[in-house]
Amino acid sequence: MSCRKRSFHSESLSCEHPLILLDSSQFLAELLNRAKTPIALILHQSADPDAVGSAAALSTLLKTKTGVNCTLFAESLNRSAKKIVETFNLVIAPPEQLTAFSTVILVDLNNLDQIGTLAEHFPKDDCVVFCVDHHVFHPKLSQIADFVLHDDKVRSTAELVLKVWLESGISMPTNVANLLACAVVYDSRHFGNALSSTFEHFIILLKNGADYLYVRSLLHAPLDKSERIARLKATRRTVVYDEFNLLIAVTKIGSYEASVCRALISVGADIAIVCAMKKDEVRLSARCKPSVENDYGLDLAKHVMEPLGEIIGGSGGGHPTAAGANGRADSEHALGLAVQLLRKELKARLKTNPSSDKPSNG
Ligand SMILES: [Mn+2]
């Protein structure tokens, strides 16, 4: 197992990691088994309420069950996550402290390229790595994780944490129910893309004391002026392609690429691809309407952002209708590649499924 030492540069990874996929009861058993020394919970950069809520709930569960201390790490938090951290008095530890841990849990991510500058502080020695996540399974996960609880058929990581909690047999405090409820509401876009399982899980949280109106009020935060300016500027520069009976909107911006994507979808695009340049790094975000996934079988994570991340020397992933990639490339070049990958996939899908060549009504 000498190859268990992890590196963040894919070219230096020489062997596959023996990843073990578990169900929620096995995951809890392995976690409790390891909960003898402090545990680090690592969230993705620009952590959202799903990442924060899931991590806080897991941390409470481990503390209650074993007395072990858990510490949360995130390079940065998004606006809604900041509000949740403040409201529930959560603590995000300084990145330097991460190095000392021998057990870590990756929460709501399955690819270390998503932890940003925390990667510099990731424990160097053989530490045991757990992962709980609902994003499209990333091939690189086998290079980093030992024990994995993964299901991309749920709308939030919080629902996987809920299952783990229910296995523990301990009663759920109201604040944990509210934290998990924030996560479910946020990641299901206020139930806009909810599955029947999303409602089933949410009802369990309500029965444990979660308050839907309170959760809604926590997640309602008006956009900053800078974010609104970014959205307006990016919209002005947007190029729209009318192809495959889809309106594909493509643009560049300095930051807020995910927010700009959502804005473009809300003003009428079927698919949006937005590129942001940050110093020497390029970051791309893509969104599509649920109808594009349903009618065309398009998976933005698997078909566009994952291969794009590879090409530009970084990584990509996400969900079928919301995905991203980062790497090193000129922004025009990266956007061109993204559009090329998208066109190639849509063309192939139209050939194999001619019924999808119809106007989108999503
Ligand atoms: Mn999530």
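Computed from a prediction, not measured in an experiment: that's the story for all the values here.

Trainee: How would you summarise the overall build of the protein chain if you had to cite specific residues and measurements?
Mentor: Assigned secondary structure in the protein chain consists of 12 helices and 12 strands. Within the protein chain, the fraction of its 362 residues that count as buried is 48%. Contacts spanning at least 24 positions in sequence make up 66% of the contacts within the protein chain whose residues lie at least 6 apart.

Trainee: Describe helix H8 (residues 225-236), naming the residues involved and giving the relevant values.
Mentor: With 12 residues, H8 should reach 16 Å at 1.5 Å per residue; the first-to-last C-alpha distance of 17 Å fits that figure. Along H8, the residues classified as buried are Ala230, Arg231 and Ala234. The buried residues of H8 all sit within an arc of 100 degrees when viewed along its axis, so they share a single face. In H8, the exposed positions that point more than 90 degrees away from the buried face belong to Lys225, Ile229, Leu232 and Arg236.

Trainee: An account of the sheet that holds strand S8 (residues 246-253) is requested, with residue identities and associated values reported.
Mentor: Read from one edge of the open sheet, six strands run S7-S8-S9-S10-S12-S11, paired in mixed fashion. Unpaired on one side and paired on the other, strand S7 (239-243) and strand S11 (315-318) mark the two borders of the sheet. Neighbour-to-neighbour, the strand axes of the sheet open up by a mean angle of 15 degrees, direction not taken into account. Taken together, the four bridges between S11 and strand S12 (residues 322-327) define a ladder with antiparallel strand orientation. Bridged to Ser315 within S12 is Asn326. Helix H12 (residues 331-352) contacts S8, strand S9 (271-278) and strand S10 (281-288) of the sheet and is inclined by roughly 155 degrees relative to S9.

Trainee: An account of the sheet that holds strand S2 (residues 39-43) is requested, with residue identities and associated values reported.
Mentor: Whenever strands of a sheet pair, they do so through backbone hydrogen bonds, lying parallel or antiparallel. Reading across from one edge, S1-S6-S5-S4-S2-S3 is the order of the six strands in this open sheet, with parallel pairing throughout. Single-partner strands in this sheet number two, and they are strand S1 (20-21) and strand S3 (70-73). Of the pairings in the sheet, the one linking S1 to strand S6 (residues 147-150) comprises two bridges and is parallel in character. From the neighbouring strand, Ile20 faces S6, where its bridge partner is Phe147. Contacts between helix H2 (residues 49-66) and the sheet are confined to S2, S3, strand S4 (103-107) and strand S5 (128-133), with S2 contributing the most and set at about 170 degrees to the helix. Of the strands in this sheet, S4, S5 and S6 are in contact with helix H4 (residues 157-168), which crosses S5 at around 115 degrees.

Trainee: Account for H12, with residues named and values stated.
Mentor: In a regular helix each residue adds 1.5 Å, so 22 residues correspond to 32 Å; H12 covers 32 Å between its end C-alpha atoms and thus fits that length. The set of residues buried in H12 consists of Ala334, Leu335, Ala338, Leu342 and Leu346. All buried residues of H12 project into a common sector of 100 degrees when viewed along the axis, lining one side. Facing away from the buried side of H12, by more than 90 degrees, are the exposed residues Glu332, Lys347, Ala348, Lys351 and Thr352. Buried residues in H12 make contact with S8, S9, S10, helix H10 (290-296) and helix H11 (300-311).

Trainee: Give me the lowdown on the packing of helix H5 (residues 174-187) against helix H7 (residues 212-219), citing residues and values where you can.
Mentor: Running from N to C, H5 and H7 cross one another at 65 degrees; their axes reach a closest spacing of 9 Å. Crossing handedness for the pair H5 and H7: right-handed. Between H5, through Asn178, Ala181, Cys182, Val185 and Tyr186, and H7, the contact on the second element is made entirely by Tyr214, Val215, Arg216, Leu218 and Leu219. In the contact of H5 with H7, the residues fall into eight nonpolar, one polar and one charged.

Cut-offs used in this document
- Residues numbered from 1 in each chain as written.
- Predicted model: local features only at pLDDT ≥ 70, side-chain atom pairs only at ≥ 80, totals over all residues.
- Helix = DSSP H or I, 4+ residues; strand = E, 2+ residues; numbered from the N terminus.
- Buried ≥ 20, exposed ≤ 12 C-beta atoms within 10 Å, placed from the backbone.
- Contact = placed C-beta atoms within 7 Å.
- Expected span 1.5 Å × (residues − 1).
- Arc of directions from axis to C-beta.
- Pairing = 2+ DSSP bridges.
- Axes fitted to C-alpha atoms, helices over the stretch in contact; angles between N-to-C directions.
- Left-handed = near helix turned anticlockwise from the far one by under 90°.
- Nonpolar A, V, L, I, M, F, W, Y, C, P; charged D, E, K, R; others polar.

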